[in-house]
Amino acid sequence: MTTSRRARWALPVAVLLLSACGGGEGAPAGDAPPSSPATAGETTMAPGGESGSDTMADLEFEDQTGAGDRVVVATVNAPGGGFVVVSTGGEVLGATQVQVGTTSDVEVDLDPALTADTELTVTLHADTDADGEFDPDVDEPVPAPVDATDDDIADVDDVVEEDAEYTVG
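What counts and how
Residues numbered from 1 in each chain as written. Predicted model: local features only at pLDDT ≥ 70, side-chain atom pairs only at ≥ 80, totals over all residues. Heavy atoms only, no water. Salt bridge = Lys/Arg side-chain N within 4 Å of Asp/Glu carboxyl O. Helix = DSSP H or I, 4+ residues; strand = E, 2+ residues; numbered from the N terminus. Pairing = 2+ DSSP bridges. Axes fitted to C-alpha atoms, helices over the stretch in contact; angles between N-to-C directions. Core = buried A, V, L, I, M, F, W, Y, C linked by side-chain atoms within 4.5 Å. Buried < 20%, exposed > 50% of the residue type's maximum accessible area, 1.4 Å probe, protein only. Contact = heavy atoms within 4.5 Å. Lys, Arg positive; Asp, Glu negative; His and termini not counted. Polar contact = N/O pair within 3.5 Å; in protein donor to acceptor, adjacent residues only side chain to side chain.

S.K.: Lay out the pattern of salt bridges in plain terms, naming residues and giving numbers.
M.R.: As enumerated under the stated definition, the model contains one salt bridge in all. Measuring nitrogen to oxygen at the nearest pair gives 2.6 Å for the salt bridge that ties glutamate 107 to arginine 70. Residue glutamate 107 is located in strand S6 (residues 101–109), and its partner arginine 70 is located in strand S3 (residues 70–78); the two are separated by 37 residues in the primary sequence.

This is the structure in structure tokens:
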């Protein structure tokens, strides 16, 4: 039996392509809304009929004043269902679930409540295990998108996060 040159490299290329598309360890479970029974690799429609995969991950978190028991994230763009996580100094203070697409005025309850002015970090996490519950040991931060028009070289460890000052008052 003879094998053509094309056939000899076609199988390894197909395996490589399929393994790159397979999600891999730590990849988001897909872009299904958290309430959906969809599993890894399935795509669902975002609210308003937009495809979640067309949404570029991003957050808008602004300085704010409040009683210290919750924060409001102005805008969350989530290409896959996941969580908005609020932390300070590496300590998670609160998390709330977000669905595929763009969501405005996302409220996150803080526990413990802040008693002094604090710089907070908001990070977008994927629902890595697709269980609908935030687990800091499992659910990974969403990598920051690369902007091809930006002259700055993006760090491969950049994640979707933003800092803001919170004033208790």
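S.K.: Talk me through the environment of alanine 116; I want residue IDs and the actual numbers.
M.R.: Along the polypeptide, alanine 116 turns up in the loop between S6 and strand S7 (118–126). Separated by 51 residues in the primary sequence, alanine 116 and threonine 167 have C-alpha atoms spaced 7.2 Å apart.

S.K.: Break down the sheet that holds S7 for me, with residues and values.
M.R.: Strand order in the open sheet formed by five strands is S2-S8-S7-S4-S5, and the pairing between neighbours is mixed. Two strands lie at the open edges of the sheet, namely strand S2 (64–66) and strand S5 (91–98), each paired on one side alone. The mean angle between the axes of side-by-side strands here comes to 30 degrees, regardless of whether they run parallel or antiparallel. One ladder, built from six bridges, connects S7 with strand S8 (residues 161–168); its direction is antiparallel. Looking at S8, one finds that threonine 121 is bridged to aspartate 163.

S.K.: Go over the nonpolar core with me, naming the residues and quoting the values.
M.R.: Counting residues in each nonpolar core, the largest one holds 23 residues, and the members touching the most others are Val71, Val73, Val76, Val84, Leu120 and Leu124. Contributing elements (two or more residues each) for this core: S3, strand S4 (82–88), S5, S6, S7 and S8. Discounting chain neighbours no more than four positions away, the residues touching leucine 124 are Ala57, Leu59, Val76, Asn77, Ala78, Phe83, Val84, Val98, Pro141, Val142 and Val160.

S.K.: Before we move on, could you go through the sheet that holds S6 and cite the residues and values that matter?
M.R.: Taken together, the three strands give an open sheet; going across it, the order is S1-S3-S6, and neighbouring strands pair in antiparallel fashion. The open sheet has two edge strands with one neighbour each: strand S1 (58–60) and S6. In this sheet, neighbouring strand axes are inclined to one another by 25 degrees on average, regardless of whether the strands run parallel or antiparallel. When S3 meets S6, the two strands line up antiparallel, connected through eight bridges. When the bridges of S6 are listed, valine 72 appears paired with glutamate 107.

S.K.: Which residues make up the side chain of aspartate 139, and what values do they have?
M.R.: Examined against the element boundaries, aspartate 139 turns out to sit in the loop between S7 and S8. Notably, aspartate 139 is buried but unbridged: the nearest opposite-charge side chain belongs to arginine 70, and the N-O separation is 23 Å. At 3.0 Å, the side chain of aspartate 139 forms a polar contact with the backbone nitrogen of threonine 128. Beyond its immediate stretch of four places on either side in the chain, aspartate 139 contacts Phe83, His125, Ala126, Asp127, Thr128, Asp129, Glu133 and Phe134.

S.K.: I'd like a rundown of the pairing of S4, residues and numbers included.
M.R.: Regular strands have side chains that alternate between both faces of the sheet. The element S4 is largely enclosed, with a buried count of six among its seven residues. In terms of strand pairing, S4 meets S5 through seven bridges, oriented antiparallel. Bridged to threonine 88 within S5 is glutamate 91. Here S4 folds back onto S5, and the loop between the two strands holds two residues, one of which, glycine 89, carries a positive phi near 55 degrees. Of the pairings in the sheet, the one linking S4 to S7 comprises six bridges and is antiparallel in character. When the bridges of S7 are listed, valine 85 appears paired with threonine 123.

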